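Reading the structure
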Amino acid sequence: MDRAEMRKKVEEVTSLPTLPGSVTRITRMLDDSDITTSEVGREIEKDQVFSAKVLKLVNSGFYGFSQPISTIQHAMVLLGFEVAKTLILSTSVLDMMSKSMTGLWPHSLACARTCVIIARYLDLDDPEEVSVTGLLHDLGKVVLEAHVNDVFEVVVEVMEDRNILFYEAEIEVMEINHATVGGWLLQKWQLPGKIVEPVMYHHDFHPSRTHAVRTGIVHLADILVRAEGFGSGGDRRIPVVSEAAMEAMELRQDDLQEIMDEMMEDMRGVIR
Ligand SMILES: [Fe+2]
Ligand SMILES: [Fe+2]
(Lines give C-alpha, C1' and ligand atoms only; values in the text may rest on other atoms or scores of the structure.)
(Ligands and ions follow the chains in the order given, each with its own letter.)
Protein backbone atom coordinates (compact mmCIF):
# COMPACT_ATOMS: atom_id res chain seq x y z
CA MET A 1 0.00 0.00 0.00
CA ASP A 2 1.48 3.39 -0.90
CA ARG A 3 1.14 6.75 0.78
CA ALA A 4 -1.76 8.04 -1.29
CA GLU A 5 -3.74 4.85 -0.82
CA MET A 6 -3.04 4.91 2.88
CA ARG A 7 -4.17 8.50 3.32
CA LYS A 8 -7.32 7.74 1.37
CA LYS A 9 -7.94 4.77 3.59
CA VAL A 10 -7.41 6.74 6.80
CA GLU A 11 -9.66 9.55 5.59
CA GLU A 12 -12.32 7.19 4.41
CA VAL A 13 -12.71 5.60 7.81
CA THR A 14 -16.04 7.13 8.72
CA SER A 15 -15.61 6.21 12.36
CA LEU A 16 -12.35 8.13 12.59
CA PRO A 17 -12.66 9.73 15.99
CA THR A 18 -13.88 13.30 16.00
CA LEU A 19 -13.87 15.57 19.02
CA PRO A 20 -17.27 15.47 20.71
CA GLY A 21 -19.30 18.69 20.37
CA SER A 22 -19.08 19.45 24.08
CA VAL A 23 -15.27 19.39 23.90
CA THR A 24 -15.15 21.84 21.01
CA ARG A 25 -17.58 24.10 22.88
CA ILE A 26 -15.60 24.03 26.13
CA THR A 27 -12.29 24.56 24.36
CA ARG A 28 -13.79 27.63 22.69
CA MET A 29 -15.06 28.92 26.05
CA LEU A 30 -11.56 28.63 27.47
CA ASP A 31 -10.28 30.93 24.72
CA ASP A 32 -12.65 33.67 25.87
CA SER A 33 -10.86 35.94 28.32
CA ASP A 34 -14.07 37.02 30.12
CA ILE A 35 -15.04 33.54 31.18
CA THR A 36 -14.76 32.37 34.80
CA THR A 37 -13.65 28.97 36.08
CA SER A 38 -17.08 28.27 37.53
CA GLU A 39 -18.76 28.92 34.15
CA VAL A 40 -16.44 26.44 32.49
CA GLY A 41 -16.97 24.01 35.34
CA ARG A 42 -20.74 24.23 34.93
CA GLU A 43 -20.46 23.56 31.21
CA ILE A 44 -18.38 20.45 31.84
CA GLU A 45 -20.76 19.23 34.54
CA LYS A 46 -23.64 19.29 32.05
CA ASP A 47 -22.13 16.20 30.46
CA GLN A 48 -21.90 13.57 33.17
CA VAL A 49 -19.90 11.02 31.24
CA PHE A 50 -17.45 13.69 30.24
CA SER A 51 -17.18 15.03 33.82
CA ALA A 52 -16.43 11.55 35.07
CA LYS A 53 -13.64 11.21 32.53
CA VAL A 54 -12.17 14.58 33.44
CA LEU A 55 -12.12 13.62 37.11
CA LYS A 56 -10.58 10.27 36.30
CA LEU A 57 -7.70 11.93 34.50
CA VAL A 58 -7.28 14.63 37.16
CA ASN A 59 -6.91 11.87 39.73
CA SER A 60 -4.73 9.59 37.59
CA GLY A 61 -1.51 10.86 39.11
CA PHE A 62 -0.67 12.78 35.98
CA TYR A 63 -1.17 16.17 37.65
CA GLY A 64 0.49 15.17 40.87
CA PHE A 65 -2.22 16.13 43.38
CA SER A 66 -1.71 14.51 46.75
CA GLN A 67 -5.43 14.67 47.67
CA PRO A 68 -8.18 13.23 45.49
CA ILE A 69 -10.15 15.90 43.58
CA SER A 70 -13.85 15.16 43.63
CA THR A 71 -15.49 18.10 41.87
CA ILE A 72 -15.00 19.67 38.47
CA GLN A 73 -15.13 23.14 40.02
CA HIS A 74 -12.27 22.30 42.34
CA ALA A 75 -10.29 20.80 39.48
CA MET A 76 -10.74 23.95 37.37
CA VAL A 77 -9.57 26.24 40.18
CA LEU A 78 -6.52 24.11 40.91
CA LEU A 79 -5.50 23.63 37.31
CA GLY A 80 -6.17 27.02 35.76
CA PHE A 81 -7.40 27.58 32.22
CA GLU A 82 -4.38 26.63 30.19
CA VAL A 83 -3.97 23.28 31.88
CA ALA A 84 -7.72 22.74 31.80
CA LYS A 85 -7.67 23.11 28.03
CA THR A 86 -5.08 20.39 27.56
CA LEU A 87 -6.86 18.27 30.14
CA ILE A 88 -10.10 18.41 28.19
CA LEU A 89 -8.37 17.44 24.99
CA SER A 90 -6.51 14.67 26.76
CA THR A 91 -9.69 13.30 28.26
CA SER A 92 -11.11 12.76 24.81
CA VAL A 93 -8.22 10.55 23.74
CA LEU A 94 -7.77 8.72 27.05
CA ASP A 95 -10.36 6.08 26.25
CA MET A 96 -9.07 5.49 22.77
CA MET A 97 -5.55 5.14 23.99
CA SER A 98 -6.04 3.02 27.05
CA LYS A 99 -7.96 0.46 25.01
CA SER A 100 -5.21 0.31 22.42
CA MET A 101 -1.73 -1.26 22.59
CA THR A 102 -0.51 -2.32 26.03
CA GLY A 103 1.75 0.26 27.54
CA LEU A 104 0.84 3.04 25.14
CA TRP A 105 -1.11 5.06 27.69
CA PRO A 106 1.62 5.13 30.37
CA HIS A 107 4.17 5.78 27.60
CA SER A 108 2.10 8.76 26.42
CA LEU A 109 1.57 10.11 29.95
CA ALA A 110 5.26 9.84 30.74
CA CYS A 111 6.11 11.52 27.44
CA ALA A 112 3.69 14.37 28.21
CA ARG A 113 5.26 14.96 31.64
CA THR A 114 8.75 14.83 30.19
CA CYS A 115 7.75 17.40 27.54
CA VAL A 116 6.79 19.77 30.36
CA ILE A 117 10.16 19.21 32.04
CA ILE A 118 12.09 19.91 28.83
CA ALA A 119 9.90 22.90 27.90
CA ARG A 120 10.51 24.43 31.35
CA TYR A 121 14.21 23.67 31.08
CA LEU A 122 14.25 25.58 27.79
CA ASP A 123 12.21 28.41 29.33
CA LEU A 124 9.37 28.14 26.84
CA ASP A 125 6.20 30.15 27.45
CA ASP A 126 3.69 27.39 27.26
CA PRO A 127 4.94 24.09 28.70
CA GLU A 128 1.38 22.75 29.14
CA GLU A 129 0.68 23.13 25.47
CA VAL A 130 3.84 21.22 24.65
CA SER A 131 2.71 18.55 27.07
CA VAL A 132 -0.42 17.91 25.05
CA THR A 133 1.68 17.13 21.97
CA GLY A 134 3.57 14.59 24.08
CA LEU A 135 0.31 13.03 25.13
CA LEU A 136 -0.95 12.80 21.56
CA HIS A 137 2.31 11.95 19.79
CA ASP A 138 1.55 8.24 19.16
CA LEU A 139 -2.16 8.66 18.50
CA GLY A 140 -1.56 7.43 14.94
CA LYS A 141 -0.81 3.97 16.36
CA VAL A 142 -4.28 3.88 17.89
CA VAL A 143 -5.84 4.84 14.55
CA LEU A 144 -3.85 2.19 12.70
CA GLU A 145 -4.66 -0.53 15.17
CA ALA A 146 -8.34 0.29 15.28
CA HIS A 147 -9.02 1.14 11.65
CA VAL A 148 -6.49 -0.63 9.44
CA ASN A 149 -5.83 -3.61 11.63
CA ASP A 150 -4.69 -5.90 8.78
CA VAL A 151 -1.90 -3.46 7.90
CA PHE A 152 -1.10 -2.93 11.58
CA GLU A 153 -0.59 -6.65 12.08
CA VAL A 154 1.80 -6.89 9.14
CA VAL A 155 3.78 -3.98 10.62
CA VAL A 156 4.09 -5.77 13.97
CA GLU A 157 5.21 -8.94 12.19
CA VAL A 158 7.88 -7.16 10.15
CA MET A 159 9.06 -5.32 13.28
CA GLU A 160 9.41 -8.55 15.26
CA ASP A 161 10.97 -10.62 12.46
CA ARG A 162 13.61 -8.08 11.66
CA ASN A 163 14.01 -6.59 15.14
CA ILE A 164 13.61 -3.06 13.85
CA LEU A 165 11.77 -0.04 15.27
CA PHE A 166 8.03 0.27 14.94
CA TYR A 167 8.20 3.31 12.66
CA GLU A 168 10.85 1.69 10.47
CA ALA A 169 8.60 -1.32 9.94
CA GLU A 170 5.71 1.02 9.16
CA ILE A 171 7.69 2.78 6.43
CA GLU A 172 8.56 -0.57 4.87
CA VAL A 173 4.99 -1.79 4.90
CA MET A 174 3.03 1.35 4.06
CA GLU A 175 5.55 4.09 3.16
CA ILE A 176 4.35 6.30 6.01
CA ASN A 177 4.43 5.98 9.79
CA HIS A 178 2.02 6.51 12.67
CA ALA A 179 3.32 10.06 13.16
CA THR A 180 1.94 11.04 9.75
CA VAL A 181 -1.35 9.28 10.46
CA GLY A 182 -1.65 11.00 13.85
CA GLY A 183 -0.94 14.34 12.17
CA TRP A 184 -3.74 13.73 9.65
CA LEU A 185 -6.15 13.04 12.48
CA LEU A 186 -5.19 16.18 14.39
CA GLN A 187 -5.58 18.19 11.18
CA LYS A 188 -9.04 16.74 10.84
CA TRP A 189 -9.72 17.97 14.40
CA GLN A 190 -8.52 21.41 13.26
CA LEU A 191 -5.86 21.69 15.90
CA PRO A 192 -3.20 24.38 15.34
CA GLY A 193 0.09 23.71 13.54
CA LYS A 194 2.05 24.04 16.78
CA ILE A 195 0.31 20.86 17.97
CA VAL A 196 0.00 19.04 14.64
CA GLU A 197 3.59 19.53 13.48
CA PRO A 198 5.41 18.10 16.52
CA VAL A 199 3.19 15.01 16.39
CA MET A 200 3.59 14.60 12.64
CA TYR A 201 7.39 14.80 12.68
CA HIS A 202 8.42 13.31 16.02
CA HIS A 203 10.33 10.58 14.17
CA ASP A 204 11.58 12.82 11.39
CA PHE A 205 13.09 15.97 12.84
CA HIS A 206 14.13 18.79 10.54
CA PRO A 207 15.38 22.18 11.82
CA SER A 208 13.76 24.17 9.02
CA ARG A 209 10.18 23.43 10.09
CA THR A 210 8.09 26.14 11.76
CA HIS A 211 7.76 24.40 15.14
CA ALA A 212 11.19 22.76 15.19
CA VAL A 213 11.87 23.32 18.91
CA ARG A 214 8.53 21.83 19.99
CA THR A 215 9.06 18.94 17.60
CA GLY A 216 12.52 18.43 19.07
CA ILE A 217 11.04 18.33 22.58
CA VAL A 218 8.55 15.59 21.70
CA HIS A 219 11.21 13.67 19.79
CA LEU A 220 13.57 13.77 22.76
CA ALA A 221 10.90 13.11 25.40
CA ASP A 222 9.70 10.03 23.50
CA ILE A 223 13.21 8.58 23.46
CA LEU A 224 13.97 9.41 27.11
CA VAL A 225 10.83 7.72 28.40
CA ARG A 226 11.59 4.66 26.28
CA ALA A 227 15.14 4.58 27.58
CA GLU A 228 13.81 4.59 31.15
CA GLY A 229 11.16 2.00 30.38
CA PHE A 230 8.05 4.06 31.15
CA GLY A 231 5.25 2.27 29.36
CA SER A 232 5.82 0.98 25.85
CA GLY A 233 5.67 2.39 22.34
CA GLY A 234 5.17 -1.11 20.96
CA ASP A 235 8.78 -1.95 20.09
CA ARG A 236 11.79 -2.94 22.12
CA ARG A 237 14.55 -0.87 20.60
CA ILE A 238 15.37 2.72 21.43
CA PRO A 239 15.80 5.24 18.61
CA VAL A 240 18.81 7.55 18.46
CA VAL A 241 18.30 11.20 19.44
CA SER A 242 18.61 13.46 16.40
CA GLU A 243 21.69 15.69 16.62
CA ALA A 244 19.88 18.38 14.68
CA ALA A 245 17.12 18.32 17.28
CA MET A 246 19.63 18.73 20.11
CA GLU A 247 21.14 21.68 18.25
CA ALA A 248 17.75 23.28 17.64
CA MET A 249 16.99 23.06 21.38
CA GLU A 250 20.56 24.15 22.20
CA LEU A 251 21.01 21.16 24.47
CA ARG A 252 24.19 19.32 25.29
CA GLN A 253 24.96 16.01 26.91
CA ASP A 254 25.10 17.39 30.47
CA ASP A 255 21.74 19.10 29.96
CA LEU A 256 20.33 15.68 29.11
CA GLN A 257 21.56 14.29 32.38
CA GLU A 258 19.84 17.06 34.30
CA ILE A 259 16.61 16.54 32.37
CA MET A 260 16.76 12.78 33.00
CA ASP A 261 17.27 13.36 36.74
CA GLU A 262 14.29 15.67 36.87
CA MET A 263 12.24 13.19 34.92
CA MET A 264 13.06 10.34 37.30
CA GLU A 265 12.22 12.52 40.28
CA ASP A 266 8.94 13.62 38.72
CA MET A 267 7.87 10.17 37.66
CA ARG A 268 8.66 8.48 40.95
CA GLY A 269 5.67 6.53 42.06
CA VAL A 270 3.49 7.90 39.28
CA ILE A 271 4.10 5.92 36.11
CA ARG A 272 5.86 2.69 35.35
FE1 LIG B 1 6.08 7.51 17.78
FE1 LIG C 1 6.26 7.22 21.38
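Residues numbered from 1 in each chain as written. Chains lettered and ligands numbered in written order. Predicted model: local features only at pLDDT ≥ 70, side-chain atom pairs only at ≥ 80, totals over all residues.

On to the overall build of the protein chain, then. If you tally the helices and strands in the protein chain, you get 15 helices and 0 strands. Here the protein chain has a C-alpha radius of gyration of 18 Å; the compact-globule value for 272 residues is 19 Å, and the two agree. Principal-axis analysis of the C-alpha atoms gives the protein chain an extent of 55 × 45 × 35 Å. Sequence-distant contacts, at least 24 apart, represent 63% of the contacts inside the protein chain between residues at least 6 apart. (Helix = DSSP H or I, 4+ residues; strand = E, 2+ residues; numbered from the N terminus. Rg over C-alpha atoms; globule rule 2.2 N^0.38 Å. Contact = placed C-beta atoms within 7 Å.)

Before going further, it helps to spend a moment on the packing of helix H7 (residues 127-136) against helix H12 (residues 193-200). Across the interface, H7 lies against H12 with an axial gap of 9 Å and an inter-helix angle of 40°. Relative to H12, H7 is oriented oblique. As H7 packs across H12, the resulting crossing turns out to be right-handed. From H7, Val132, Thr133 and Leu136 reach across to H12, where they touch Ile195, Pro198 and Val199. Across the contact of H7 with H12, the residue classes tally to 5 nonpolar, 1 polar and no charged. (Axes fitted to C-alpha atoms, helices over the stretch in contact; angles between N-to-C directions. Parallel < 35°, antiparallel > 145°, perpendicular 65-115°, else oblique. Left-handed = near helix turned anticlockwise from the far one by under 90°. Nonpolar A, V, L, I, M, F, W, Y, C, P; charged D, E, K, R; others polar.)

Next up on the list: unusual backbone geometry. Look at Asp123: it is not a glycine, yet its phi comes out positive at around 65°. Position of Asp123 among the secondary structure elements: in the loop between helix H6 (104-121) and H7. Of note, the phi angle at Glu175 is positive, near 70°, even though the residue is not glycine. Tracing the chain through its elements places Glu175 in the loop between helix H10 (166-174) and helix H11 (178-188).

Turning to the confidence of the model for the protein chain, a few remarks are in order. Of the residues in the protein chain, 91% have a pLDDT of 70 or more, and the chain-wide mean is 84. Within the protein chain, helix H14 (residues 243-248) carries the highest mean pLDDT (97), whereas helix H1 (residues 3-12) carries the lowest (70). (pLDDT = per-residue confidence, 0-100.)

Right, let's talk about H6 for a bit. For H6, with 18 residues, the first-to-last C-alpha span of 25 Å sits near the 26 Å given by 1.5 Å per residue. Counting buried residues in H6 gives 15 out of 18 residues, a clear majority hidden from the surface. Asp123 lies just past H6 and shows a positive phi near 65°. (Expected span 1.5 Å × (residues − 1). Buried ≥ 20, exposed ≤ 12 C-beta atoms within 10 Å, placed from the backbone.)

For H12, the tally of buried residues reaches 6 of 8 residues, placing the bulk of the element in the interior. Each element contacted by the buried residues of H12 is listed here: H7, helix H8 (139-147), H11 and helix H13 (212-227).

Attention shifts here to the packing of helix H9 (residues 149-162) against H10. Relative orientation of the contacting elements H9 and H10 amounts to 120°, with a least axis distance of 8 Å. Relative to H10, H9 is oriented oblique. Crossing of H9 over H10 shows right-handed handedness. When H9 is examined against H10, the residues Val151, Val154, Val155, Val158 and Met159 are found in contact with a partner set consisting of Phe166, Ala169, Glu170, Glu172, Val173 and Met174. In the contact of H9 with H10, the residues fall into 9 nonpolar, no polar and 2 charged.

A separate point is the nonpolar core. Judged by nonpolar contacts, the single largest core of 75 residues is most densely connected at Val54, Cys115, Ile118, Val199, Ile217 and Ala221. Each of two domains, domain 1 (18-94) and domain 2 (100-272), supplies a minimum of three residues to this core. Beyond its immediate sequence surroundings of up to four residues, Val199 is in contact with Thr133, Leu136, His137, Leu139, Ala179, Gly182, Gly183 and Leu186. (Core = buried A, V, L, I, M, F, W, Y, C linked by C-beta atoms within 7 Å. Domains from an automatic or database assignment.)

Turning to the environment of Arg226, a few remarks are in order. Checked against the element boundaries, Arg226 lands in helix H13. For the pair Arg226 and Arg236, spaced 10 residues apart in the sequence, the C-alpha separation amounts to 8.7 Å. When neighbours within four sequence positions are excluded, Arg226 is seen to be in contact with Gly233 and Ile238.

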